[in-house]
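Residue-level structure breakdown
Residue-level listing of the chains:
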Amino acid sequence: MLIRLSILIAAGISAYLLSVSLRGGSAVGCGPGSACDEVLQSRWAYAFGIPVSALALVVDLALLVTTFSCGPKSSPKQRRGAWEILVPCSVLILGAALWFTVLQAFVLHRFCPWCTAEHFCGALTGILLLFRLPVIEAKERPHR
């Protein structure tokens, strides 16, 4: 429940920041010239001309959908497939959260509260998912 809630919050913030980027406005509470506005208008807010919030939204939604395939009602094959998506996406969002937080702190010297909240929710999601990773001892694995 907490995992899906944190994914939903992260996805909501990503969607909001994407809408701000696409319409060229300012986020609520981030007036022109503010630290938040400077972060959202920086070159780091785009990758190959695409707002990074769009990429975050795709990953967030992929995580959300995939979490429904790893429950107890799913087949072992579905769960295995889900974890093959959840683990790399978790590592990706943890890395992105660290990367963008470091950028804000040491390169831009500015913090966007929206971005920071999204990174916090994303990192929380990644950590919670990785702690739920089903690990099987070698002696318990079926022989192939």
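This write-up is about the structure you can find in this document. Source: prediction; values computed, not measured.

**Section: the state of the cysteines**
Counted according to the given criterion, the structure contains 1 disulfide. Each sulfur in the disulfide pair Cys30 and Cys36 lies 2.0 Å from the other. One quick way to see it: the torsion about the S-S bond of Cys30 and Cys36 is about 75 degrees, and its sign makes the bridge right-handed. Of the two residues examined, Cys30 and Cys36, each falls in the buried class. The structure places no disulfide on Cys89, whose sulfur is separated from the nearest cysteine sulfur, that of Cys70, by 12 Å. Here Cys112 is not cross-linked by a disulfide; its sulfur's nearest cysteine counterpart is in Cys36, at 3.2 Å.

**Brief notes about the packing of helix 3 (residues 52-67) against helix 5 (residues 113-131)**
For the pair helix 3 and helix 5, the least separation of the axes is 12 Å and the interaxial angle reads 35 degrees. When you trace helix 3 past helix 5, the crossing you get is left-handed. When helix 3 is examined against helix 5, the residues Ala56, Asp60, Leu63 and Thr67 are found in contact with a partner set consisting of Glu118, Thr125 and Leu129. Split by residue class, the contact of helix 3 with helix 5 holds 3 nonpolar, 2 polar and 2 charged.

**Let's talk about the environment of Gln41**
Along the polypeptide, Gln41 turns up in helix 2 (residues 35-41). Gln41 sits 16 residues away from Gly25 along the chain, and the two C-alpha atoms are 9.8 Å apart.

**Topic: helix 5**
For helix 5, spanning 19 residues, the distance from its first C-alpha to its last is 27 Å, which sits close to the expected 27 Å at 1.5 Å a residue. Residues of helix 5 that are buried: Cys115, Glu118, His119, Cys121, Gly122, Ala123, Thr125, Gly126 and Leu129. Lining the buried residues of helix 5 we find helix 1 (2-23), helix 2, helix 3 and helix 4 (76-108).

**Concerning the pattern of salt bridges**
Across all of its chains, the model carries 1 salt bridge by this definition. Glu38 is the salt-bridge partner of Arg110, the closest N and O atoms lying 3.0 Å from each other. Here Glu38 lies in helix 2 and Arg110 lies in the loop between helix 4 and helix 5, a separation of 72 residues in the sequence. Under the relative-accessibility criterion, Glu38 is labelled partly exposed at 35%.

What counts as what
Residues numbered from 1 in each chain as written. Predicted model: local features only at pLDDT ≥ 70, side-chain atom pairs only at ≥ 80, totals over all residues. Heavy atoms only, no water. Disulfide = S-S within 2.5 Å. Buried < 20%, exposed > 50% of the residue type's maximum accessible area, 1.4 Å probe, protein only. Axes fitted to C-alpha atoms, helices over the stretch in contact; angles between N-to-C directions. Helix = DSSP H or I, 4+ residues; strand = E, 2+ residues; numbered from the N terminus. Left-handed = near helix turned anticlockwise from the far one by under 90°. Contact = heavy atoms within 4.5 Å. Nonpolar A, V, L, I, M, F, W, Y, C, P; charged D, E, K, R; others polar. Expected span 1.5 Å × (residues − 1). Salt bridge = Lys/Arg side-chain N within 4 Å of Asp/Glu carboxyl O.

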